[in-house]
Amino acid sequence: MKRNMSFAVLILVTVFLSCNKNEKPATEAQDEEIAQTPVPVQEEAVAARVASPVPGYGVSYKYGIKDPRYAAGYHTGDDYASPKGSKVVAVLDGTIAWSNNNGGAYGTWIGLRATNGRDYVYCHLSVRSVSTGAKVVAGQKLGEVGATGNVTGPHLHFEDRPKGGGYGQVRKPTW
Ligand SMILES: [Zn+2]
């Protein structure tokens, strides 16, 4: 009788231990599976945002770099080096505040008064595709990259100013 009870306890302990042993790996496997589940992306929101004012081209010379050749003492916009004729697009919906060839050192230029209350300034253009007062939507072509004004080669100089702001009233371009 005593031996039978000891045997029963041994079986119970063995079953208990082997259960514990099996449970942990099962939990880990489950955790791993959860971590591999794809995270859904809101495709509409991603598609609506314009990644660059010059589609396909990134910043080649950044805003804020100190340089005495600028009147402000620093680079007042982001430059997008790109071939002459590359299209420039509206980064947000808005209205064209100005579009002319009278930018001086900025050459042929366009001001986009965006729905976020900022003026985005497109400089050194070769072609203007929109006139002052035109309503535009994000991604719409405004003109083409050029080398008008005071430049050494074709690029878009792109500024972010408060509504009606002048030279030097800028922040790092954000939209
Ligand atoms: Zn520049």
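**Q** Explanation requested: the pairing of strand E5 (residues 118-123) in the structure shown.
**A** As a general feature of sheets, a regular strand has side chains that alternate between the two faces. Counting buried residues in E5 gives six out of six residues, a clear majority hidden from the surface. Of the two faces of E5, the one holding Arg118, Tyr120 and Tyr122 and the one holding Asp119, Val121 and Cys123 are both buried throughout. Taken together, the four bridges between strand E4 (residues 109-114) and E5 define a ladder with antiparallel strand orientation. Bridge pairing in E5 links Gly111 to Val121. Turn length for the E4-E5 hairpin, with the two strands adjacent in sequence and antiparallel, is three residues, and the turn residue Gly117 shows positive phi of about 85°. Pairing of E5 with strand E9 (residues 155-162) involves six bridges; the strand directions are antiparallel. Residue Arg118 lies in a different strand from E9, and its bridge partner there is Pro162.

**Q** Help me understand the environment of Val137 in this model?
**A** Counting through the fold element by element, Val137 comes out in the loop between strand E7 (135-136) and strand E8 (141-145). For Val137, a count of 12 C-beta atoms within 10 Å gives the class exposed. A C-alpha to C-alpha distance of 9.9 Å links Val137 and Thr115, two positions 22 residues apart in sequence. Beyond its immediate stretch of four places on either side in the chain, Val137 contacts Ala90 and Asp93.

**Q** Could you clarify how one ought to interpret the nonpolar core in this entry?
**A** One broad trend across soluble globular proteins is that nonpolar side chains are buried collectively. Core analysis: the largest hydrophobic core is formed by 21 residues, its most contacted members being Val88, Trp109, Leu112, Tyr120, Tyr122, Leu142 and Leu156. The set of elements that each furnish at least two residues to this core consists of strand E2 (87-89), E4, E5, E8 and E9. Once you skip the residues sitting within four places of it in the chain, Trp109 turns out to touch Gly103, Val121, Tyr122, Cys123 and Leu125.

**Q** How should the sheet that holds strand E3 (residues 94-100) be read in this particular structure?
**A** In a beta sheet, neighbouring strands pair by backbone hydrogen bonds and run either parallel or antiparallel. Overall, antiparallel pairing links the six strands, which are arranged E1-E9-E5-E4-E3-E7 in an open sheet. Edge positions in the sheet fall to strand E1 (78-81) and E7, since each of these pairs with one other strand and no more.

Calculation criteria
- Residues numbered from 1 in each chain as written.
- Predicted model: local features only at pLDDT ≥ 70, side-chain atom pairs only at ≥ 80, totals over all residues.
- Buried ≥ 20, exposed ≤ 12 C-beta atoms within 10 Å, placed from the backbone.
- Helix = DSSP H or I, 4+ residues; strand = E, 2+ residues; numbered from the N terminus.
- Pairing = 2+ DSSP bridges.
- Contact = placed C-beta atoms within 7 Å.
- Core = buried A, V, L, I, M, F, W, Y, C linked by C-beta atoms within 7 Å.

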